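Each chain, letter by letter, is given below.
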Amino acid sequence: MELEEMKNAWLALGEKLDQKEKISALLIREMYQTKVKKSLNVLLGYEILSVVVCFLILPFIGWIMTQTPDLLFFYTMLYWGIFSLLTAIWCSVKVTLLLKIDELGIIKDNIKRISTYAVWIHKERMYYTVFGIVGVIPISIIYMLHAGLWQWIFMGAVFIVVILLTIWSYKRLYYKNIRTIQQNLNELKDIED
């Protein structure tokens, strides 16, 4: 009788350990999925904000274009309007890709999507830099012809803020969250294997 009780106790203990192991695995999986979702929501929020800001800038640029008699300034604003429109479209494409990432979906597909997004972000930084510099050249020429000292100071401050904000957004916002998503998806993949 004592042997039978020990056997039953041993089986019950084994079942409890298996159950705890399953619960532990579920909690770990849930933790990784939560981290992926949090970082993904940050990226999505930033991309959606970018789309909204780019579309809100367009009427302002259009209004400025109707108010200026200077042809160089008109074409500079036209350039920035086209740049803003293309940026809004590009950010919409990135939002579409990010929406396809499902922390509960197939991990291999999610890893592929976030890797694609990371490549896009890396390339976009270079393109934005080139097109930004091209757009600043005519503004600098206009400023050389017409601007006073306070306008130069204001424009210099705007450029410094834009450069610092861009560096911060790529380092702290994009790369940090992309890395977090990739690491957690790889951990989820390791758990499934």
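Please refer to the structure higher up on the page.
Residues numbered from 1 in each chain as written. Predicted model: local features only at pLDDT ≥ 70, side-chain atom pairs only at ≥ 80, totals over all residues. Heavy atoms only, no water.

A. View of the pattern of salt bridges. Under the criterion given, the structure shown has 2 salt bridges. Its salt-bridge partner being Glu 47, residue Lys 94 comes within 3.1 Å of it at the nearest N-O pair. Note that Lys 94 is positioned in helix 2 (residues 71-99) and Glu 47 in helix 1 (residues 2-67), a separation of 47 residues in sequence. Summarising the burial analysis for this pair, Lys 94 and Glu 47 share the class buried. Ionic pairing is found between Lys 94 and Glu 124, a salt bridge with its closest N-O pair at 2.6 Å. Separated by 30 residues along the polypeptide, Lys 94 in helix 2 and Glu 124 in helix 3 (residues 107-146) bring together distant segments of the chain. Each member of the pair, Lys 94 together with Glu 124, is buried. Counted as one network, the salt bridges with shared partners bring together Glu 47, Lys 94 and Glu 124. (Salt bridge = Lys/Arg side-chain N within 4 Å of Asp/Glu carboxyl O. Helix = DSSP H or I, 4+ residues; strand = E, 2+ residues; numbered from the N terminus. Buried < 20%, exposed > 50% of the residue type's maximum accessible area, 1.4 Å probe, protein only.)

B. Quick peek at the nonpolar core. Leu 98, Ile 114, Tyr 117, Ile 178 and Leu 185 are the most contacted members of the largest nonpolar core, which has 21 residues in total. Only helix 1, helix 2, helix 3 and helix 4 (149-192) provide two or more residues apiece to this core. Apart from the residues within four sequence positions on either side, Ile 114 is in contact with Leu 98, Ile 101, Ile 178, Ile 181, Gln 182 and Leu 185. Core analysis: the second largest hydrophobic core is formed by 8 residues, Ile 61, Met 65, Met 77 and Trp 80 among them. (Core = buried A, V, L, I, M, F, W, Y, C linked by side-chain atoms within 4.5 Å. Contact = heavy atoms within 4.5 Å.)

C. Representation of the state of the cysteines. Counted under the stated rule, the structure contains 0 disulfides. Just so you know, Cys 54 is unpaired, no disulfide at all, and the nearest cysteine sulfur is the one on Cys 91, 5.6 Å from it. Residue classification places Cys 54 among the buried positions, given a relative accessible area of 11%. On the basis of relative accessibility, which here comes to 2%, the residue Cys 91 falls in the buried class. (Disulfide = S-S within 2.5 Å.)

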